[in-house]
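Fold and contact review
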Amino acid sequence: MLIPSIDLKGGKVVQLVQGDRVAIESSDVFRWVRRFQNFPMVQLIDLDAAMSTGNNDDPVRRVSARLPCRVGGGIRSVDRAKQVIEAGARKVILGSALFKEGRPDLSFAAKVSDAVGRDRVVAAVDARGGRLVIHGWRTTLAITPLEAIKALEPYCEEFLYTDVDREGLMQGMDMAAVEAIHAATDHKLSAAGGITTQAEVDGLH
């Protein structure tokens, strides 16, 4: 399945190359809603919330009401996860909040899983240089995505793996890395970062 992503920053839809440089910017959020209305799932990311520079709560609510969305970015508490679900999100994507002092925070993971349902939790295990990155891809941890996956499996239904080194470059996906992660878990896995061709989408599927 192909899951298009709507990334929000300053109330606009953007695409950031490797999390920094703006490649696309559009103030017409609902142009993208119309474009993706026939997809079975859309990923909606609040980049301002992820980077602790504000939030896009209003467009998140409006888009979630129109599209089947899984929503991520700045979800750092149980209450926030519940609010996002109540606003219409089908699932929540958790990243930075799942880690504390460089390790998976299993206590928090369990609380969120209990509060919204394990089937509604997607754990983000993003990587740069083979190491897990959090805080909008600005903080590198000593652990690998595979280590994080093993610890977090009981608390989520799905993992989202982003290869930050390739994200936004349109130079192809590191299929070997995805295959290694896929082999390590029986959970659902979504992959992002550099995907360019239909052949890559088919291969990932």
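Scroll up for the structure.
Calculation criteria
- Residues numbered from 1 in each chain as written.
- Predicted model: local features only at pLDDT ≥ 70, side-chain atom pairs only at ≥ 80, totals over all residues.
- Heavy atoms only, no water.
- Helix = DSSP H or I, 4+ residues; strand = E, 2+ residues; numbered from the N terminus.
- Rg over C-alpha atoms; globule rule 2.2 N^0.38 Å.
- Buried < 20%, exposed > 50% of the residue type's maximum accessible area, 1.4 Å probe, protein only.
- Contact = heavy atoms within 4.5 Å.
- 1 Å grid on protein atoms, 1.4 Å probe; cavity = no way out; pocket = protein on both sides within 12 Å on 5 of 7 lines; lining within 4 Å.
- Points joined across faces, edges and corners; volume = space filled by probe spheres on them.
- Nonpolar A, V, L, I, M, F, W, Y, C, P; charged D, E, K, R; others polar.
- Core = buried A, V, L, I, M, F, W, Y, C linked by side-chain atoms within 4.5 Å.
- Salt bridge = Lys/Arg side-chain N within 4 Å of Asp/Glu carboxyl O.
- Axes fitted to C-alpha atoms, helices over the stretch in contact; angles between N-to-C directions.
- Parallel < 35°, antiparallel > 145°, perpendicular 65-115°, else oblique.
- Left-handed = near helix turned anticlockwise from the far one by under 90°.
- Pairing = 2+ DSSP bridges.

A separate point is the overall build of the protein. Helices and strands together make up the secondary structure of the protein, namely eight helices and 14 strands. For a compact globule of 205 residues, the expected C-alpha radius of gyration is about 17 Å, and the protein comes in at 16 Å, within 12% of that figure. Taken over the C-alpha atoms alone, the protein extends approximately 40 × 40 × 30 Å along its principal axes. Burial status across the protein gives 49% buried among its 205 residues. Look at the contacts in the protein between residues 6 or more apart in sequence, and 66% of them connect residues 24 or more apart.

All right, on to the side chain of Ser 113 then. The residue Ser 113 is located in helix α5 (residues 106-116) in this model. The class of Ser 113 is buried, set by a relative accessible area of 8%. Once residues lying within four places of it in the same chain are set aside, the contact partners of Ser 113 are Arg 118, Val 121 and Tyr 155.

Take empty space enclosed by the protein next. Applying the stated criterion across every chain, the model contains one cavity of 30 Å³ or more. The volume enclosed by the largest cavity comes to roughly 50 Å³. Mapped by element, the contributors of at least two residues to the lining of the largest cavity are α5 and β9 (121-124). By residue class, the composition of the lining of the largest cavity is nine nonpolar, no polar and no charged.

Okay, unusual backbone geometry next. Unlike most non-glycine residues, Ser 52 shows phi in positive territory, near 60°. Along the chain, Ser 52 falls in the loop between α2 (47-50) and α3 (57-66). A positive phi angle is found at Glu 101, which is not glycine, with a value near 55°. Residue position: Glu 101 is located in the loop between β7 (99-100) and β8 (103-104).

What follows is about the nonpolar core. Counting residues in each nonpolar core, the largest one holds 47 residues, and the members touching the most others are Ile 6 and Phe 99. Once you skip the residues sitting within four places of it in the chain, Phe 99 turns out to touch Pro 104, Asp 105, Ala 124, Leu 132, Ile 134, Leu 141, Ile 143, Ala 148 and Leu 152. Listed in part, the seven residues of the second largest apolar core include Leu 47, Ile 93, Val 122 and Ala 124.

Before going further, it helps to spend a moment on the pattern of salt bridges. Summed over the entire model, instances satisfying the criterion amount to eight salt bridges. Note that Asp 28 and Arg 34 form a salt bridge whose closest N and O atoms lie 3.6 Å from each other. Overall, Asp 28 belongs to the partly exposed group, its relative accessible area being 34%. Measuring nitrogen to oxygen at the nearest pair gives 2.6 Å for the salt bridge that ties Arg 80 to Asp 57. Residue Arg 80 is found in helix α4 (residues 78-86), and its partner Asp 57 is found in helix α3; the two are separated by 23 residues along the sequence.

In this section: the packing of α4 against α5. Two elements in contact, α4 and α5, have axes whose closest approach is 9 Å; the angle formed by their N-to-C orientations is 30°. When the axes of α4 and α5 are compared, the pair comes out roughly parallel. Considering the relative orientation of α4 and α5, their crossing is right-handed. Between α4 and α5, the residues in contact are Val 78, Ala 81, Lys 82 and Ile 85 and Phe 108, Lys 111, Val 112, Ala 115 and Val 116, respectively.

Another aspect to go through is the sheet that holds strand β11 (residues 131-134). Sheet strands associate in pairs through backbone hydrogen bonding, adopting either a parallel or an antiparallel arrangement. On the basis of which strands lie adjacent, the open sheet formed by three strands has the order β10-β11-β12 and antiparallel pairing. Unpaired on one side and paired on the other, β10 (127-128) and β12 (139-140) mark the two borders of the sheet. The sheet contact formed by β10 and β11 spans two bridges and is antiparallel. Bridge pairing in β11 links Arg 128 to Arg 131.

Fair warning: the whole summary comes from geometry, so function is off the table for now.
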